[in-house]
Amino acid sequence: MNVKGGYFFRILEVDLTKGTSEVRPFDEEFALKYIGGRGFGARILADHMKRKKKVDPLGPDNILIIAPGPLTGVYLPASGKNSFITVSPATGIYGDSSIGGVFGVELRQAGYDAVVLKGRARVLSALSIQDDRVKLIPMPHAAGATALEGEHLVREATGDEDMKIACIGPAGENAVVFSCVNTDWSRNAGRIGIGAVMGSKNLKAIAVRGSKDLPVYDLPGLMEVSSEGYALLKSHKFFKFWQDQGLMSVVDYANKMGILPTRNFQETVYDKADRMNGYTMEDRYKIGDSACFGCSMSCGNVCLVKEGKYRGTVTEGPEYESAAMLGSNLGTSNFAYILKANALCDELGVDTISTGSIVGAVIEGLERGFLTAQDLDGVDIGWGDEDAIIELINKIALRKGVGDTLAGGARAIIRRWPEMARVINHVKGLEQSAYDARGAISMALGYGTSDIGAHHTRALTVFNELETGNNLEYEDKINFLIYHQTVRPLFDMLGVCRLPWIELGFPEEYYQRFYRAITGVDLSMDDLFARSSHIYDLTRAINVSLGISRKDDYPAQRSFEDPVPSGPTAGKVIDRGEYEKILGMYYEKRGWDEDGKPELKI
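The following refers to the structure shown. Note that this is a predicted model, so its numbers are computed, not measured. (Residues numbered from 1 in each chain as written. Predicted model: local features only at pLDDT ≥ 70, side-chain atom pairs only at ≥ 80, totals over all residues. Heavy atoms only, no water.)

**Considerations on the packing of helix α12 (residues 335-348) against helix α14 (residues 386-398)**
Moving on, step 1. Remark: α12 packs on α14, axes separated minimally by 10 Å, with the N-to-C direction vectors making an angle of 5 degrees. In this view, α12 runs roughly parallel relative to α14, as classed from their interaxial angle. Facing α12, whose interface residues are Y337, K340, A341, L344, C345 and L348, α14 presents E386, I389, I390, I393, N394 and A397.
Moving on, step 2. Of the residues assigned to the contact of α12 with α14, the class counts are nine nonpolar, one polar and two charged. (Axes fitted to C-alpha atoms, helices over the stretch in contact; angles between N-to-C directions. Helix = DSSP H or I, 4+ residues; strand = E, 2+ residues; numbered from the N terminus. Parallel < 35°, antiparallel > 145°, perpendicular 65-115°, else oblique. Contact = heavy atoms within 4.5 Å. Nonpolar A, V, L, I, M, F, W, Y, C, P; charged D, E, K, R; others polar.)

See below:
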């Protein structure tokens, strides 16, 4: 099976300690087996782990892989995705995060299918990649700069305003375990601590400029199928609504379904949700749209606070997750504050989901007596206390006072205050996404078995289960979960966004047609799914080598112990016996043993 396009067959390896780089080729077998993106990253990380056995996520022995996919940067819907893969400082296991915008596109145009970073630069630096010219630029003067300030400093240092830059804020430099990498102003690779890994490597930013044409086997065929795909998306009845609100439309839906995080997931319905929804954004704050490369959906909402305390705040966002975790989850519906908190998180470089989760846990912990104001540097923070929340976000990013503990994430907090385990919603050390799972056991199982921790991007089954009245058999729920855990990661391997598929029902078969036109390889959807499933086994094998087993595959403690108090899912709680049963069935379906170990070894 000959590969006729789609790949440069070049991986750039950079030794930051030595300040050297080399290009390593790979063969067609590697390309066809691992496809690209997180597939390439998982295999490269697994090979590294075979040599190192165990690495300190914040040590020089950890590697960071940056990998777009074979579909990244070509003419097709939402083809701007790029993955970052590493051992996560938040969880101590496999981690990846994808980012949109144009950074991955530029990396492809520079002629690389992946970049592997190892070691640690002598001083804070930026990595400049301009086609075949690769160099480290010392930038100690950028220490403490926000992500946006860092971008400007890197442009000055390179003398090229058109460089595409991925930059960390002070949170990454300070090793906050849920710090992000920021690009294109407000696009973030978040959740698992990519920013901290870059910071540990003394790497403030990566700047890329490429001039190469992307290898496409059948350009007329690609143009035909892509034009057909764009037309299909535009014909969807919710296309215009999606452009108007993007992911902010989920606020009302999540509230209606009874899964909106409210006051640290103590509740799942918020009586003021209409003050922080997509219509409020549209009517009072939105001033423009933005989009990633190749995307007609334009889900980015540029918002401006025009009056009041936060006047002048402008940001691209929020998305649903940020609005929910920084809004209802913290007991406030003030949209102007939500924009301010979102912008602050982007500038400092912290993940909005984890930040909102941890601040929410702190407020509840104080309420319950697990913490005292003295523990919090004398701050008596309560629900909706915007000034105290913003102060705490700053302390986390800068590791000041109690922020030093909170910056260590769920596990660090529980180590210091064991009672806080009762109110911190996490799996494997990663704080839970903004969808309550007590009414949908498939979602609880999705959080529990996710290879990176409690994150919805691996599987979002909660709506399907609730919409069907929860009448599905366990086997049907497991099959649907595994389907999500297969198709969603496949998008990361190909280098495209999942939103056309999940939000506007874009048929997955189009991606097989895109792949064939670009590479000349006629893989079926079943072939592509098999490769994605193999990567899920591979990331599980990496995690097993790092100590993960059945004991770690459980949703947050609250899911088992606190029935939902009101709303559509009132009284719902996950039954432990039922969960044990469905977890065992899931392992069997996956071909893993009763402790969750796959036959595959790294």
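After presenting the structure, the write-up continues.
**Points about the sheet that holds strand β5 (residues 94-99)**
Moving on, step 1. With mixed pairing, the six strands of this open sheet are ordered in space as β2-β1-β6-β3-β4-β5. Each having just a single partner strand, β2 (20-25) and β5 make up the two edges of the open sheet. Across the sheet, the axes of successive neighbouring strands diverge by a mean angle of 20 degrees, strand direction being ignored.
Moving on, step 2. Pairing between strand β3 (residues 64-68) and strand β6 (residues 114-118): three bridges, direction antiparallel. Note that in β6 the partner of L64 across the bridge is L117. (Pairing = 2+ DSSP bridges.)

**A short note on unusual backbone geometry**
Moving on, step 1. The omega torsion across G317 and P318 is 5 degrees, close enough to zero to call that bond cis.
Moving on, step 2. When you line up the elements, P318 lands in the loop between β15 (314-316) and α11 (320-326).
Moving on, step 3. A positive phi angle, near 60 degrees, is found at F9, a position not held by glycine.
Moving on, step 4. Along the chain, the position of F9 falls in the segment before β1 (10-15).

**Re the environment of D15**
Moving on, step 1. Among the secondary structure elements, D15 is positioned in strand β1.
Moving on, step 2. Of the polar contacts made by the side chain of D15, one reaches the backbone nitrogen of T17; its length is 3.0 Å.
Moving on, step 3. Among the polar contacts listed, one links the side chain of D15 to the backbone nitrogen of K18, at a separation of 3.1 Å. (Polar contact = N/O pair within 3.5 Å; in protein donor to acceptor, adjacent residues only side chain to side chain.)

**Remarks on the nonpolar core**
Moving on, step 1. Counting 191 residues, the largest nonpolar core has F84, L117, I129, I206, Y320 and I381 as the members making the most contacts within it.
Moving on, step 2. Ignoring anything within four residues of it in the chain, the contact list for F84 reads L64, I65, I66, G95, D96, S97, I99, F103, A166, V181, A189 and I194.
Moving on, step 3. Among the nonpolar cores identified, the runner-up in size contains 11 residues, and A126, A142, C167 and A205 belong to it. (Core = buried A, V, L, I, M, F, W, Y, C linked by side-chain atoms within 4.5 Å. Buried < 20%, exposed > 50% of the residue type's maximum accessible area, 1.4 Å probe, protein only.)

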